[in-house]
Amino acid sequence: MKYNNVYFINGLAYAGKSTMAKMLAEKYDGILCEENYHDALLDKLDKKDFPGLTYTRDLKDWRDFIRRTPEEYENWINITTKECEILELQILEEVAKQNKKVFVDTNISIETLKQISDEDHVLIMLADPDISVKRFFERPDKEKQFLYKLLITEENPEKALENFRECLKRINNIETYNKFLNSEFKVIIRDENRTIEKTLILVEKAFKLR
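Computed from a prediction, not measured in an experiment: that's the story for all the values here. Starting from 1, residues in each chain are numbered consecutively following that chain's sequence as written. In keeping with the predicted nature of the model, local features appear solely for residues at pLDDT of at least 70, side-chain atom pairs appear and are counted solely at 80 or more, and the whole-chain, interface and lining totals rest on all residues. Here the side-chain values reflect all heavy atoms present in the structure, with hydrogen atoms and water set aside.

## Concerning the nonpolar core
- With 23 residues, the main nonpolar core has Val6, Phe8, Leu92, Val102 and Val104 as its most contacted residues.
- Among the elements of the structure, strand S1 (6–11), strand S2 (31–33), helix H4 (70–95), strand S3 (102–105), helix H5 (110–116), strand S4 (122–126) and helix H9 (174–181) are those that each provide at least two residues to this core. Among buried residues, the Ala, Val, Leu, Ile, Met, Phe, Trp, Tyr and Cys ones that are joined through side-chain atoms within 4.5 Å form a nonpolar core. Relative accessibility thresholds used throughout: buried, under 20% of the residue-type maximum; exposed, over 50%; partly exposed, between the two (1.4 Å probe, protein chains only). Helix and strand assignments come from DSSP, with helices taken as H or I runs of at least 4 residues and strands as E runs of at least 2, each series counted from the N terminus.

Shown next as structure tokens:
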């Protein structure tokens, strides 16, 4: 199935994916599927079928989350990303039926996107992997600030922060960056000297909206 009215943005953290999806949905009176929009189905998931997503849903002590090793974190991300894709596709089947443009901050893999979308309906946004890690907690969203507060109240905050940064490096690395870069989809790389308005223009051109 091809989603002709859906525009997908994938890529690395701190690249501007969420901001662009929101701005596009507002400008074109479209439907926004924000980061983690699959959470709408979270309560109904069976932990046997979705061990990654239900791990955080059923977590009793979030300090267990931040204390995981980089290997454990990477394995969890890999499992959860696959689970997210399943749920995203379920949601999109219904959302795409509406007579509106749909803008998606997505976890759907490059391989699947090539099957369900045309080239000009997918955009990759990238930031330098080091920036994605170092500036991870600069964003104001409550989930990241919640984790940051936990980390800085650990017995050894510096060690806790360093461990979590190592976790982030496992998924925001040069290998992942290059995979996205060479995906055959259009790519926009974060430029600190470029305004949000100019980035929006580039995104619109990539999607052939202007």
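## Remarks on the packing of helix H1 (residues 17–27) against helix H10 (residues 196–206)
- For every element, the axis is a line fit to its C-alpha atoms; helices are fit only across the contacting stretch, and the angle between N-to-C directions ranges from 0 to 180 degrees. For the pair H1 and H10, the least separation of the axes is 10 Å and the interaxial angle reads 75°. In terms of axis orientation, H1 runs roughly perpendicular to H10. Residue-level inspection shows Thr19, Met20, Met23, Leu24 and Lys27 of H1 in contact with H10, the latter providing Ile196, Thr199, Leu200, Val203 and Glu204.
- Side-chain classes are defined by residue name, with Ala, Val, Leu, Ile, Met, Phe, Trp, Tyr, Cys and Pro counting as nonpolar, Asp, Glu, Lys and Arg as charged, and the others, Gly among them, as polar. In the contact of H1 with H10, the residues fall into six nonpolar, two polar and two charged. If an angle is under 35 degrees, it is roughly parallel; if it is over 145, roughly antiparallel; if it lies from 65 to 115, roughly perpendicular; otherwise it is oblique. Contacts between residues were defined by any pair of non-hydrogen atoms, one from each residue, lying within 4.5 Å.

## Some thoughts on the pattern of salt bridges
- Salt bridge, as used here, is a side-chain nitrogen of Lys or Arg placed within 4 Å of a carboxyl oxygen of Asp or Glu. Evaluation of the coordinates by the stated rule reveals 18 salt bridges.
- Residue Glu34 is joined to Lys22 by a salt bridge in which the shortest nitrogen-to-oxygen separation is 3.7 Å. A residue pair is termed long-range when its members are at least 10 positions apart, and Glu34 in the loop between S2 and helix H2 (51–57) and Lys22 in helix H1 qualify at twelve residues.
- Among the salt bridges present, the one from Arg190 reaches Glu192, with a minimum N-O distance of 3.1 Å.
- Within the structure, one salt-bridge network assembled from shared partners comprises Arg135, Glu138, Arg190 and Glu192.

## Digging into the environment of Lys48
- Take Lys48: it is sitting in the loop between S2 and H2.
- As for Lys48 and Trp62, which are separated by 14 residues in sequence, their C-alpha atoms are 21 Å apart.

## Points about the side chain of Lys144
- Following the sequence through the fold, Lys144 ends up in helix H7 (residues 142–152).
- Excluding anything up to four places from it in sequence, Lys144 contacts Glu35, Phe136, Phe137 and Arg139.

## Details of the packing of aromatic side chains
- Only Phe, Tyr and Trp rings take part, Trp by its six-membered ring, and two of them pair if their centres are within 6.5 Å. Stacked means planes under 30 degrees apart, edge-to-face means over 60, and tilted covers everything else. In this structure the tally under the stated criterion is 16 aromatic pairs.
- On the numbers, 5.8 Å between centres and 65° between planes, the contact of Tyr73 with Phe164 is edge-to-face. Separated by 91 residues along the polypeptide, Tyr73 in helix H4 and Phe164 in helix H8 (residues 157–171) bring together distant segments of the chain.
- For Tyr73, a relative accessible area of 6% gives the class buried.
- Taking the relative accessible area as the measure of exposure, Phe164 reaches 1% and is therefore buried.
- On the numbers, 5.2 Å between centres and 85° between planes, the contact of Phe136 with Phe137 is edge-to-face.
- When its relative accessible area of 11% is taken as the criterion, Phe136 is described as buried.
- According to the relative accessible area criterion, Phe137 is buried, its value standing at 16%.
- The rings of Tyr55, Trp62, Phe65, Tyr73, Trp76, Phe136, Phe137, Phe146, Tyr148 and Phe164 are connected pair by pair, giving a single aromatic cluster.
- Any Lys NZ or Arg CZ found within 6 Å of a ring centre and within 35 degrees of that ring's normal is scored as a charge over the ring. Over the ring of Phe65 we find Arg68, and its NZ or CZ is 4.1 Å from the ring centre.

## A short note on the sheet that holds S2
- Strand order in the open sheet formed by five strands is S2-S3-S1-S4-S5, and the pairing between neighbours is parallel. The sheet terminates laterally at S2 and strand S5 (186–189), the two strands that pair on one side only. Neighbour-to-neighbour, the strand axes of this sheet turn through a mean angle of 20°, independent of strand direction.
- Two strands qualify as a pair provided DSSP detects at least 2 bridges between them. Pairing geometry for S1 and S3, over four bridges, is parallel. Residue Phe8 lies in a different strand from S3, and its bridge partner there is Val104.
- The strands that H4 touches are S1, S2 and S3; relative to S3, the one it contacts most, it runs at about 170°.

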